[in-house]
Amino acid sequence: MRQTLTAANLAAGLLAAALLQAAPAVAQAPAPAAAPANAADQVLARVNGAPITLADVADAAQGLPDEFRSMPPQMVFPILLDQLISQRVVADAARAAGLDKDAGHRRRMARLEEETLSQAFVQARLESVLTEDAIRAKYQAEIASQPASFRVCARHILVREQAAAAAIITELNQGGDFAAIAAARSTDGSRAQGGDLGCFGREEMVAPFAEAAFTTAPGTITAQPVQTQFGWHVIKVERREETPRPTLEQATPQLRRAMAETAVNGIVEGLRNAATIERLDQPPAAPRPALDAAPPPPARR
């Protein structure tokens, strides 16, 4: 199984990779200083005296493309560290050139800080919402406790005229072969399969067709022709089968997305309601007329 860079294993994987990278030099190196209490604070490199830590590498890994996220940490680590070193060298040169004092640059940096803080705030709030218990409760309420849904497996014969469909029903009731008649007379593309439509849910078919198919007993045909915008149908229901419910594990990604979207919308809406917001790109609302103002004169004829 391929190891994937996730928030859970990233720091540990990168730390192990860092130790492996340093292992050949351990025998010749002087006695190291005491390791930091937090492994993320371990210094991996210095550029002009400024440290690059394991936490810096882990943060950089979060923005990796998917193809890199599936790579083992020991392969990704040296690439990321070297990238951070190059980035730090260029950033130092930019500061030396005074670009950090540029108004446009400072505005973009402030915007990046706002984005980072916003994401951190929302993520922290989501951690208390997207718990295993909460996801399990939503699964129970929206999936497990809902009535069973069914699919119908059916064939049909489609013709242009109601009289032709009625004649086919009579012929079938007298022992005619449904698949053979469908192959010979149906105008639908399923005629090559004897009118076989496979299995479908109620919402997958137009309403008149779905209503007839789901109210016809398995093994029987519709008593009357069914009209849709496509023409007149004769439907044979072959069987009904219960639609399997997704397991909790299968439904978790979709439930998490839905819960996260609802939670984020609620967080943002609450904060906006509590904030003082002044929109200057919109004209001010027209003042309301006084309640005791005289009514306008009646319109002339």
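For the structure given in this document, a descriptive report is provided here.

The rules behind each value
Residues numbered from 1 in each chain as written. Predicted model: local features only at pLDDT ≥ 70, side-chain atom pairs only at ≥ 80, totals over all residues. Heavy atoms only, no water. Helix = DSSP H or I, 4+ residues; strand = E, 2+ residues; numbered from the N terminus. Buried < 20%, exposed > 50% of the residue type's maximum accessible area, 1.4 Å probe, protein only. Contact = heavy atoms within 4.5 Å. Areas by Shrake-Rupley, 256 points an atom, 1.4 Å probe, with all protein chains shown as cover. Phe/Tyr/Trp six-rings, centres within 6.5 Å; stacked < 30°, edge-to-face > 60°. Lys NZ or Arg CZ within 6 Å of the ring centre and 35° of its normal. Pairing = 2+ DSSP bridges. Polar contact = N/O pair within 3.5 Å; in protein donor to acceptor, adjacent residues only side chain to side chain. Core = buried A, V, L, I, M, F, W, Y, C linked by side-chain atoms within 4.5 Å.

This part covers the overall build of the protein chain. Of the regular secondary structure elements, the protein chain holds 10 helices and seven strands. Within the protein chain, the fraction of its 301 residues that count as buried is 25%. Long-range pairs, those at least 24 residues apart, make up 67% of the contacts in the protein chain with a sequence separation of at least 6. Per element, the accessible surface of the protein chain, about 20,900 Å² overall, is 55% carbon and sulfur.

On to the packing of aromatic side chains, then. Taken as a whole and judged by the stated rule, the model has two aromatic pairs. Taken together, Phe200, Phe209 and Phe214 form an aromatic cluster joined through their ring pairs. Above the plane of the ring of Phe150 lies Arg240, whose end atom (NZ or CZ) is 5.2 Å from the centre.

Looking now at the pairing of strand β2 (residues 50-53). Pairing geometry for strand β1 (residues 43-47) and β2, over four bridges, is antiparallel. Within β2, the position partnered with Val47 by the bridge is Ala50. Taken together, β1 and the strand that follows it, β2, pair antiparallel across an intervening segment of two residues, in which Asn48 is found at a positive phi of about 50°.

What follows is about the side chain of His233. Tracing the chain through its elements places His233 in strand β7 (residues 231-242). Given the relative accessible area of 4%, His233 is considered buried. Within the local environment of His233, its side chain forms a polar contact with the side chain of Thr228, the two groups lying 2.7 Å apart. Sequence-distant contacts of His233, defined by excluding residues within four places in its chain, comprise His156, Ile157, Leu158, Phe209, Thr222, Pro225, Val226 and Thr228.

Residues Leu44, Ile52, Val57, Leu80 and Leu81 are the most contacted members of the largest nonpolar core, which totals 14 residues. For this core, the secondary structure elements donating two or more residues are β1, α2 (54-61) and α4 (73-96). It is α4 that contributes the most residues to this core, five residues altogether. Within the second largest apolar cluster, 12 residues are counted, among which are Ile169, Phe178, Ala182 and Trp232.

The next point concerns the environment of Glu241. You can see Glu241 is positioned in strand β7. Residues Glu241 and Cys199 lie 42 residues apart in sequence; the distance between their C-alpha atoms is 8.6 Å. Excluding anything up to four places from it in sequence, Glu241 contacts Ser149, Phe150, Arg151, Cys153 and Cys199.

None of this, on its own, says anything about what the molecule does.
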